[in-house]
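Okay, here's what each chain looks like letter by letter:
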Amino acid sequence: MRLPKAASAFRDSLLQWATENVREYPWREQERSRYEVFVAEFFLTQTPADNVADVYPEFVDRYPSLEAIEEADEEDLVSVIDPLGFQRMRARALKSIARSVDDLPDTTGQLRELERVGPYVANATLCFADRSKLPILDRNVERVYSRVFGDRFPDSRSDREDFCTEMLPEDPADVRRYNLGLLDFGAIVCTKESPRFDDCFASEYCVYATSG
DNA sequence: CTCCTGTTGT
DNA sequence: ACAACAGGAG
């Protein structure tokens with residue numbers, strides 16, 4: 001796939017932006033295990049980060065491994081998650097996962113065989129926990145790339161995944177920071193309504209900013 | 001691809 | 001009560 005002309009400029013600027021602006025969350029600490037990252041991403045697919053942050057430390061403290069999940073009473077699991085608009089479905093799925101596997105696998109394909117685990121959770125887990133070079137494509141990312149690159153951002157899901165993969169920085173040491181930055185850029189600057197054009201490094205060439 | 005599910009905002 | 005949202009499932 002041929003990337004748009006502005007792609008490398010965007011990539012470089014985003015990496016720079018990420019070093020200064022990526023947010024700190026408990027699950028983003030360097031030493032988090034694959035399990036700890038997985039749990040966070042599993043909750044984050046359905047819940048605002050600040051809500052997850054409220055219950056996450058207690059959750060991983062009480063359930064530090066899949067084994068602990070497997071042994072836990074499902075109602076206790078729910079009680080930790082439940083406090084603020086949380087869901088029982090997630091507790092059930094985690095139990096099911098803990099029963100079906102001893103340790104979380106290290107490939108997206110194997111992760112996606114687990115209940116309620118799709119491309120987002122699988123790739124985010126392996127990228128953020130294991131530093132794998134994998135694309136992360138959620139609604140924020142789609143909005144950012146659609147705006148910045150306009151028609152050059154493909155329509156189909158698989159082409160979009162390819163696009164995201166090619167946007168990743170060459171240096172493996174930068175991939176995690178790039179993906180984190182992309183998510184936060186969508187959440188902080190390139191927001192759904194009232195994007196902060198004045199704070200955006202891409203407004204010179206962004207299709208959305210320049211055309212409307 | 002379309003449909004489903006649980007959640008959130010009006 | 002309703003539609004929109006955001007992932008995953010089929």
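Residues numbered from 1 in each chain as written. Chains lettered and ligands numbered in written order. Predicted model: local features only at pLDDT ≥ 70, side-chain atom pairs only at ≥ 80, totals over all residues. Heavy atoms only, no water.

Per an unreviewed UniProt entry, chain A is named HhH-GPD domain-containing protein, and its organism is Halolamina litorea. For chain A, the Sequence similarities (unreviewed entry) comment in UniProt is given as "Belongs to the Nth/MutY family." The UniProt entry for chain A carries the following text under Cofactor (unreviewed entry): "[4Fe-4S] cluster". (UniProt positions renumbered as here; feature names shortened; annotations may be inferred.)

This part is about the protein's contact with DNA strand C. Neighbouring DNA strand C are Thr45, Glu115, Arg116, Val117, Gly118, Pro119, Tyr120, Val121, Asp138, Arg139 and Lys192. Within 4 Å of the protein, the contacting atoms of DNA strand C are drawn from sugar and phosphate to the extent of 84%. Backbone polar atom of Arg116 to a phosphate oxygen of DNA strand C: 2.5 Å apart, as the coordinates give it. The separation between a base nitrogen of DNA strand C and a polar side-chain atom of Arg139 is 2.9 Å. Ranked by the residues each element gives to the surface near DNA strand C, the list is headed by helix α8 (residues 119–130), at 3 residues. Tallied by class, the residues present in the surface near DNA strand C amount to 4 nonpolar, 2 polar and 5 charged. (Near = heavy atom within 4 Å. Polar contact = N/O pair within 3.5 Å; in protein donor to acceptor, adjacent residues only side chain to side chain. Helix = DSSP H or I, 4+ residues; strand = E, 2+ residues; numbered from the N terminus. Nonpolar A, V, L, I, M, F, W, Y, C, P; charged D, E, K, R; others polar.)

On to the packing of aromatic side chains, then. The tally for this structure, following the rule as stated, stands at 17 aromatic pairs. Ring geometry for Phe10 and Phe149: centres 5.7 Å apart, planes at 70 degrees, overall edge-to-face. One end of the pair, Phe10, is in helix α1 (residues 7–21); the other, Phe149, is in helix α9 (residues 139–149), with 139 residues separating them in the sequence. The class of Phe10 is buried, set by a relative accessible area of 0%. Seen in terms of ring centroids, Phe10 and Phe201 are 5.5 Å apart; in terms of plane orientation they differ by 50 degrees. Their pairing is tilted. One end of the pair, Phe10, is in helix α1; the other, Phe201, is in the loop between α11 (172–188) and α12 (207–211), with 191 residues separating them in the sequence. Three or more aromatic residues joined by ring pairs form one cluster here, namely Phe10, Trp17, Tyr145, Phe149, Phe153, Phe163, Phe185 and Phe201. (Phe/Tyr/Trp six-rings, centres within 6.5 Å; stacked < 30°, edge-to-face > 60°. Buried < 20%, exposed > 50% of the residue type's maximum accessible area, 1.4 Å probe, protein only.)

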